[in-house]
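So you can see what is in the structure, the chains are spelled out below.
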Amino acid sequence: MTAAPAVEAIELVKQFGTNRAVDDVSFVVPAGSVLGLLGPNGAGKTTLVRMLTTLSVPTSGTGRVAGFDIVRQPTDVRRNMGLTGQAATVDEILTGRENLALIGALYGLSKKYVREATERLLSRFDLLDAADRMAKTYSGGMRRRLDLAVSLLAAPPILFLDEPTTGLDPHSRSGLWQVLRELVDEGTTLVLTTQYLEEADQLADEIIVVDKGKVIAAGTPTQLKDQAGQASVVVTLTHADDLDEAAALMRAHSPEVHVERGSRRLTAQAGGLADMTRIAAVFEASGIELDDLGLARPSLDDVFLHLTGRRAEPTADPDQTTEGVTP
Ligand SMILES: Nc1ncnc2c1ncn2[C@@H]1O[C@H](COP(=O)(O)OP(=O)(O)OP(=O)(O)O)[C@@H](O)[C@H]1O
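Residues numbered from 1 in each chain as written. Predicted model: local features only at pLDDT ≥ 70, side-chain atom pairs only at ≥ 80, totals over all residues. Heavy atoms only, no water.

Peer 1: Before we go on, may I ask you to explain the site of the ligand in this structure?
Peer 2: Near the ligand there are 14 residues, and of these Gly42, Gly44, Thr46, Thr47 and Glu163 occur at the shortest range. One of the backbone nitrogen or oxygen atoms of Gly44 is found 2.8 Å away from an oxygen atom of the ligand. Within the side chain of Glu163, one N or O atom sits 2.8 Å away from an oxygen atom of the ligand. Secondary structure elements with two or more residues in the shell around the ligand: strand E2 (19–30) and helix H1 (45–52). It is H1 that provides the largest number of residues to the shell around the ligand, a total of three residues. Its residues placed into classes, the shell around the ligand shows four nonpolar, eight polar and two charged. (Near = heavy atom within 4 Å. Polar contact = N/O pair within 3.5 Å; in protein donor to acceptor, adjacent residues only side chain to side chain. Helix = DSSP H or I, 4+ residues; strand = E, 2+ residues; numbered from the N terminus. Nonpolar A, V, L, I, M, F, W, Y, C, P; charged D, E, K, R; others polar.)

Peer 1: Hey, could you run me through the pattern of salt bridges in this one?
Peer 2: As a working rule, side chains carrying opposite charge can pair if their charged atoms are close by. Scanning all chains against the criterion turns up 16 salt bridges. With its nearest N and O atoms 2.7 Å apart, the salt bridge here joins Asp23 to Lys214. Residue Asp23 is found in strand E2, and its partner Lys214 is found in strand E10 (residues 214–219); the two are separated by 191 residues along the sequence. Residue classification places Lys214 among the partly exposed positions, given a relative accessible area of 42%. For Glu182, the salt bridge goes to Arg124, with nearest N and O atoms at 3.3 Å. Of the two residues, Glu182 is situated in helix H6 (residues 170–185) and Arg124 in helix H4 (residues 111–124); the sequence distance between them amounts to 58 residues. (Salt bridge = Lys/Arg side-chain N within 4 Å of Asp/Glu carboxyl O. Buried < 20%, exposed > 50% of the residue type's maximum accessible area, 1.4 Å probe, protein only.)

What follows is the structure in structure tokens.
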């Protein structure tokens, strides 16, 4: 991507007493792209976002947002960005519509613009029906959506999202992902912190893995997964009787073939899609019936384990990493 940077972190450090919460972090986010900051609790993600959004002054280093220096030009930075934090900042005793009107007034936006934008945002976030109810009657997902609508009122070109879907049910989470994808399609730059590997995988063009204040890896989701180990071809047979013949066929293409008799599954190391296609052709010619054939890449959870020696989250679903094709 060649677009000018929307966000830059330049050797950012934040020290709390003896705790170096952010330790020399640098990165560049091209305009119109999505950066995922991935890391466990306490890794320093929120502190990084607080510095970049001018809520906290760096101990050393600096950054730029929309070309403005976060230390020397905080007002210009704020004009060009929106922030949705971990705790929803909506006013509980105001209705959804009133929350938007209040923020519009605080930003000094014209009444006409706020009226139009309010209807558009309430509709986009599926809040029109609840627009005239007090926010305290909203569910967690609705509050997050209202919070996001409020952050978007001034149409900032750059949006920081600190764990935007933490605590949401899977349905609300995927709804929010959809909205975020639409924003990116319209040109918004997103910097998103998350503990959810799938979220980073789904949304981010580039991921930075942070642990104990330091960047321990960076790359596209695919590059990170490639670092964690090789892909494998996974074949599930229709008939258990064919297992031995199928294993012999696969061994001609891959030295190490793992056989799971109970699930009629064979796994072989593979360099990538070309190996999978070759093995698919061999089975096609053999007449052995298959239930499934696919390429399994290491998951981001495997990446995390590989890098840090521990799992990022306890509930990662390994099935989500199989890119299957059913012959
Ligand atoms: N205001 C503060 N004063 C002292 N220490 C702080 C402060 N804010 C954060 N820390 C410490 O800095 C470290 C990084 O915290 P931070 O909240 O940035 O992590 P995080 O990756 O965002 O985690 P989480 O997902 O829990 O928000 C932690 O050790 C935390 O205790």
